[in-house]
Amino acid sequence: MTLGPYAVVLTPRGRGAVASLLVAGQGAEQVVAGLFRAAGSSQVAVPIGRIQFGHWARSPREQVVVCHKGPDQVEVHCHGGTVAAQVIADSLVEAGCRLISWHAWCAGSQADPLAAEAQQALALARTERAAAILLDQFHGALSGELREIADLLEAGSTAGASRAAGRLRQLAAWKRLGSHLTRPFRVVLAGRPNVGKSSLINALVGYPRAIVFDQPGTTRDIVTASTALEGWPVELADTAGLAASSDPLETSGMRLAIEHFSTADARVLVFDASRPWSKEDDDLAARWPDAIIVHNKSDLPPPGGPVGPAGVSTSAVVEGGAGSLACALVEHLVPEAPAAGAPVPFNDRQMAAIEQGLADLERGNGQQAATDLRRLLSQGGS
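Cut-offs applied
- Residues numbered from 1 in each chain as written.
- Predicted model: local features only at pLDDT ≥ 70, side-chain atom pairs only at ≥ 80, totals over all residues.
- Heavy atoms only, no water.
- Phe/Tyr/Trp six-rings, centres within 6.5 Å; stacked < 30°, edge-to-face > 60°.
- Helix = DSSP H or I, 4+ residues; strand = E, 2+ residues; numbered from the N terminus.
- 1 Å grid on protein atoms, 1.4 Å probe; cavity = no way out; pocket = protein on both sides within 12 Å on 5 of 7 lines; lining within 4 Å.
- Points joined across faces, edges and corners; volume = space filled by probe spheres on them.
- Nonpolar A, V, L, I, M, F, W, Y, C, P; charged D, E, K, R; others polar.
- Buried < 20%, exposed > 50% of the residue type's maximum accessible area, 1.4 Å probe, protein only.
- Pairing = 2+ DSSP bridges.
- Expected span 1.5 Å × (residues − 1).
- Contact = heavy atoms within 4.5 Å.
- Axes fitted to C-alpha atoms, helices over the stretch in contact; angles between N-to-C directions.
- Parallel < 35°, antiparallel > 145°, perpendicular 65-115°, else oblique.
- Left-handed = near helix turned anticlockwise from the far one by under 90°.
- Polar contact = N/O pair within 3.5 Å; in protein donor to acceptor, adjacent residues only side chain to side chain.

Novice: Which parts of the structure should I look at to understand the packing of aromatic side chains?
Specialist: Aromatic ring pairs are reported here in terms of the distance separating the ring centres and the angle at which the planes meet. Using the criterion set out here, one finds 2 aromatic pairs in the structure. Arranged with centres 5.0 Å apart and planes meeting at 90°, the rings of F261 and W288 form a pair that is edge-to-face. Note that F261 is positioned in helix α10 (residues 248-262) and W288 in the loop between α11 (279-287) and β12 (292-296), a separation of 27 residues in sequence. For the ring pair F271 and W277, a centre distance of 4.7 Å and an interplane angle of 50° mean the geometry is tilted.

This is the structure in structure tokens:
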């Protein structure tokens, strides 16, 4: 890790009830003993295994709880937020500690580089379901799988290489899901003006995130809202209505809508089920054949005339009326979920090494594939 005592702020920046710092390394106890005063005690040193309440000597009004975890390892817990933690961190630096980032601490505290990467990724997980998968990787699911695959390849048998290839393909199949354990899936809703996109966004997130008005053109910029669908992190985006217009502001909004729609993880085309299907609707659906088709306002009487393609029926004004869309999105984004304890790669470095291993195997070079995997297991960094 580092020579001499070091300090690391373990809790994230921002509001919180408690902030925690770790002081570790040779001389950590002496540094803390020079700054901490236990309440109602003249004792300076904190015995190992004891938790003591008191105040930080450089800031008498700052109350802290200190826990001596073991030789050269002391935790300091203070009021939450950034100010109190920064005051304590600054005083530790003045007393001779080196301040390091939590990323560096994670990397140095784990013998397994993939476990260290999983520990860092856990801080970015937005849902319990995503965190549970990352926790499995922290406990060695991915590392263990890669070691077993490398062992098969190094054995040199044809059957072993075949089994290794199958297991690598299974890992590669989790690429899309793995990349979204630390960042949400992007779902973009588009459609003609006043088809109810904003109302659907509000129904999916459960609160009025987007402004709703019965006149076209209400939404002109991209409005986003974060939520979770069956435990998967999702960012929903509401866009400007798509229609011919000479208004520069509306045209700019539509251009932005198409840009976001083009790069979405899931594209949702919303149509008004209370209106007859039109040539403009046909053109829109044909332009985006992979989009999820939604027929909104299904609570209203159906119109006569042409009907559109099959799709998901929704109503943003009926309780639970957007549930069918939520189910369709989950089926589209995560058609298969990993079992508990399954190995799942979760960053670009890991996926690149797995794909390179597969490419080596396709060229008949199993030993090189094994080298790729061993390198992945031994080198940190994402």
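Novice: Honestly, empty space enclosed by the protein in this entry has me stumped. Any pointers?
Specialist: A probe matching the size of a water molecule, rolled over the atoms, marks out where space remains unfilled. Throughout the structure, instances matching the rule amount to 1 cavity of 30 Å³ or more. Considered as a void within the structure, the largest cavity measures approximately 40 Å³ in volume. Together, R192, V195, F271, D272, R275, P276 and D281 line the largest cavity. Grouping the constituent residues of the lining of the largest cavity by class yields 3 nonpolar, no polar and 4 charged.

Novice: Which parts of the structure should I look at to understand the pairing of strand β2 (residues 18-24)?
Specialist: The side chains of a regular strand alternate between both faces of the sheet. Counted residue by residue, β2 has 6 buried out of 7 residues, so it is predominantly covered. Strand direction decides the pairing type here: β2 and strand β6 (residues 73-79), joined by 7 bridges, are antiparallel. Across the sheet, the residue bridging to A19 is C78, located in β6.

Novice: Explanation requested: helix α13 (residues 348-362) in the structure shown.
Specialist: Side chains of residues three or four places apart in an α-helix project in the same direction, reflecting 3.6 residues per turn. When the terminal C-alpha atoms of α13 are compared, their 21 Å separation across 15 residues agrees well with the 21 Å that a helix rising 1.5 Å per residue should span. R349, Q350, M351, A353, I354, G357, L358, D360 and L361 are the residues of α13 that are buried. Against the buried residues of α13 lie α4 (113-122), α6 (141-155), α7 (158-172), α8 (175-179) and α14 (366-378). Of the residues flanking the end of α13, it is G364, one or two places downstream, whose phi is positive at about 80°.

Novice: I'm lost on the sheet that holds strand β9 (residues 223-229) in this one. Help?
Specialist: As summarised here, the arrangement of the 6 strands in space is β9-β10-β8-β11-β12-β13, forming an open sheet in which the pairing is mixed. With partners counted over all chains shown, the strands left at the sheet margins are β9 and β13 (312-313), one partner each. Of the strands in this sheet, β8 (185-191), β11 (266-272) and β12 are in contact with α11, which crosses β11 at around 170°.

Novice: Explain the packing of α6 against α7 to me, please; I cannot follow it from the model alone.
Specialist: A pair of packed helices is characterised by two quantities: the angle between their axes and the separation of those axes. Packing of α6 against α7 leaves a shortest axis separation of 8 Å and a crossing angle of 155°. In terms of axis orientation, α6 runs roughly antiparallel to α7. As α6 packs across α7, the resulting crossing turns out to be left-handed. Every residue of α7 that contacts α6 at L142, E145, L146, E148, I149, L152 and L153 is listed here: G160, A161, R163, A164, R167, L168 and L171. Across the contact of α6 with α7, the residue classes tally to 9 nonpolar, 1 polar and 4 charged.

Novice: When you look at helix α9 (residues 197-205) in this model, what are you seeing that I'm missing?
Specialist: Burial runs high along α9: 7 of the 9 residues are buried. Looking at α9, one finds that the buried residues are K197, S198, L200, I201, N202, L204 and V205. Packing partners of the buried residues in α9 comprise β8, β9, β10 (232-238), β11, β12 and α12 (323-333). In the stretch just after α9, G206 is the one whose phi turns positive, near 85°.

Novice: Can you walk me through the environment of A38 in this structure?
Specialist: Following the sequence through the fold, A38 ends up in strand β3 (residues 36-38). For A38, a relative accessible area of 8% translates into the label buried. The spacing of A38 and Q63 is 25 residues in sequence and 9.8 Å in space, taken between C-alpha atoms.

Novice: Before we go on, may I ask you to explain the layout of surface pockets in this structure?
Specialist: Here the largest pocket defines a volume of roughly 560 Å³. Elements supplying a minimum of two residues to the lining of the largest pocket: β2, α2 (83-94) and α3 (102-109). At 3 residues, α3 tops the list of elements feeding residues into the lining of the largest pocket.

Novice: So what exactly am I meant to see when it comes to the environment of I293 here?
Specialist: Take I293: it is sitting in strand β12. A relative accessible area of 12% means that I293 is categorised as buried. Setting aside chain neighbours within four positions, we find I293 in contact with L269, F271, A285, P309, A310, G311 and V312.

Novice: Just checking my understanding: could you explain the side chain of E75 for this structure?
Specialist: Note on placement: E75 falls in strand β6. Polar contacts involving the side chain of E75 include one to the side chain of H77, which spans 3.1 Å.

Novice: Could you clarify how one ought to interpret the packing of α7 against α13 in this entry?
Specialist: Two elements in contact, α7 and α13, have axes separated by 10 Å at closest approach and are oriented at 145°. Considering the relative orientation of α7 and α13, their crossing is left-handed. Between α7 and α13, the residues in contact are A161, A164, A165, L168, R169, L171 and A172 and M351, I354, G357, L358 and L361, respectively. Looking at the contact of α7 with α13, its residues break down into 10 nonpolar, 1 polar and 1 charged.

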